[in-house]
Amino acid sequence: MRQAKGLMAGKFASDLLGAQRDGKVYSVFERTFNVLFDNGLVGITRSEVPLSPMDLRTDISPPEKIPELGIKKGLQAKVSGDFVSVGDVLHIDLTEAGVWRPPNRVKDPADPTQIKKALSKVEEVALARPRSEGLGQLLPYLDSILNLEAPHLVAVNDVSQAALPQLVDLVRATTEGDIHGIKTAVNKLIGLGPGLTPSADDLLIGYISAIHWVSQSFDKWDDFFRKINEAIISPAEATTLLGSQLLRLAAHGEVNEVLVNLYQAILSGELSTLNVLISNLMNFGSTSGMDTLVGLLLGIKITLKMMFR
């Protein structure tokens, strides 16, 4: 049996792993695997994977690959005391694992003009790395969407074509605080696209986490914004289990460390690190990073517009 050490756990993961419980391996990838317990999913990752609230980072390191450890979907997992066992192939010692509690706001945000300069830089860098799949093809049309226009799309994929009118409706409903309209638009977006976290789910994760981060940073988080995020996650059960869990966390600004670092840079008006941070985000999956970035940009822009109109 492979012996490993837990290095750091996100708050959500730490809470789940803090009591004895049984689960099963839900999905397996090269660098991580997810375990389904009664109260949610925990991602167990190699040492180099950026941490998220639902992850346990271990000392398993490259070039070792998770499937090579014998981890397979359906294997029994058990939390007992300070240990997690997975079948008879992996035993993780949690004794020295810390708990990751990142911020979900910037204490001293830059003025909106500086933030807008940072957003322009983000768009410039992202547009230089075009993607043919997912929702990244909507990046050049964000201003039109924010102006409630449905532009004519040229040579874009089916997912982007399907998402565009719903995004215009979502932005309109968000601006008006139209809860019914938000739910109607999200119902047509949720689960759109392939993958364990479909493209539209990744976009919505960026959108609602941005609403939380921006409004919290400017001390504007109130019932208006809270109800918007609650409306957006209300149909979360309609998507994948992983997508649903990540959406619920994002509604409270709880995101992975790559996004935490990017939010801190943008909302502080810090331009010098944006190239690296955007590159880190866009390396997430084949489309997840770019899809999240599209939602993040929309969310920051619409929230600033509502707060300073």
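On a predicted model such as this, the values are computed, not experimentally measured, just so you know.

Q: An account of the packing of aromatic side chains is requested, with residue identities and associated values reported.
A: For the structure shown, the criterion picks out three aromatic pairs. Note on Phe218 and Phe308: the rings are 5.4 Å apart at their centroids and 80 degrees apart in plane angle, and the pair reads as edge-to-face. Of the two residues, Phe218 is situated in the loop between α6 (199–217) and α7 (223–233) and Phe308 in the segment after α11 (288–307); the sequence distance between them amounts to 90 residues. Look at Phe218 and you get buried, because its relative accessible area is 17%.

Q: Would you mind going over the side chain of Asn229 in detail, with residue names and values included?
A: Structurally, Asn229 is set in helix α7. Owing to a relative accessible area of 1%, Asn229 belongs among the buried residues under this scheme. At a separation of 3.1 Å, a polar atom in the side chain of Asn229 contacts the main-chain carbonyl oxygen of Ala251. Not counting residues up to four positions away in its chain, the partners in contact with Asn229 are Ile208, Ile211, His212, Trp221 and Ala251.

Q: Any chance you could break down the nonpolar core for me, citing the residues and the numbers?
A: Judged by nonpolar contacts, the single largest core of 79 residues is most densely connected at Leu170, Ile266, Leu293 and Ile300. With eleven residues, the top contributor of residues to this core is α11. Excluding residues that lie within four positions of it along the chain, Leu293 makes contacts with Val122, Ala126, Leu262, Ile278 and Leu281. Counting 24 residues, the second-largest nonpolar core is a separate cluster that includes Leu69, Ile71, Leu90 and Leu94.

Q: Got a sec to walk through α7? Specific residues and values, please.
A: All buried positions along α7 are accounted for by Phe225, Ile228, Asn229, Ala231, Ile232 and Ile233. Buried positions along α7 lie against α4 (158–176), α5 (179–189), α6, α8 (241–250) and α11. With a side-chain oxygen lying 3.1 Å from the backbone nitrogen of Phe224, the N-terminal cap of α7 falls on Asp222.

Q: Tell me about the environment of Arg21, and please be specific about residues and values.
A: Among the secondary structure elements, Arg21 is positioned in strand β2 (residues 21–28). In this structure Arg21 comes out as buried when scored by relative accessible area, which is 13%. Sequence separation of Arg21 and Val79 is 58 residues, and the distance between their C-alpha atoms is 5.3 Å. Engagement of the side chain of Arg21 in a polar contact is seen with the backbone oxygen of Leu16, the distance being 2.6 Å.

Q: Describe the packing of α4 against α11, and please don't skip the residues or the numbers.
A: Between α4 and α11, the shortest axis-to-axis distance is 10 Å and the interhelical angle comes to 30 degrees. Classified by the angle between their axes, α4 and α11 sit roughly parallel to one another. Relative to α11, the crossing made by α4 is right-handed. Along its contact with α4, which presents Leu167, Val171, Thr174 and Thr175, the element α11 presents Leu298, Ile302 and Met306. The class makeup of the residues in the contact of α4 with α11 is five nonpolar, two polar and no charged.

Q: Before we move on, can you summarise unusual backbone geometry with the specific residues and values?
A: The omega angle of the peptide bond from Pro62 to Pro63 is 10 degrees, so this bond is cis rather than trans. Positionally, Pro63 belongs in the loop between β5 (55–58) and β6 (76–80). Phi is positive for Ala155, close to 55 degrees, though the residue is something other than glycine. Positive phi values are uncommon outside glycine, yet Asp219 reaches one of about 55 degrees. Assignment of secondary structure puts Asp219 in the loop between α6 and α7. According to the relative accessible area criterion, Asp219 is exposed, its value standing at 60%.

The rules behind each value
Residues numbered from 1 in each chain as written. Predicted model: local features only at pLDDT ≥ 70, side-chain atom pairs only at ≥ 80, totals over all residues. Heavy atoms only, no water. Phe/Tyr/Trp six-rings, centres within 6.5 Å; stacked < 30°, edge-to-face > 60°. Helix = DSSP H or I, 4+ residues; strand = E, 2+ residues; numbered from the N terminus. Buried < 20%, exposed > 50% of the residue type's maximum accessible area, 1.4 Å probe, protein only. Polar contact = N/O pair within 3.5 Å; in protein donor to acceptor, adjacent residues only side chain to side chain. Contact = heavy atoms within 4.5 Å. Core = buried A, V, L, I, M, F, W, Y, C linked by side-chain atoms within 4.5 Å. Axes fitted to C-alpha atoms, helices over the stretch in contact; angles between N-to-C directions. Parallel < 35°, antiparallel > 145°, perpendicular 65-115°, else oblique. Left-handed = near helix turned anticlockwise from the far one by under 90°. Nonpolar A, V, L, I, M, F, W, Y, C, P; charged D, E, K, R; others polar.

Geometric descriptors of this kind do not, in isolation, establish any biological role.
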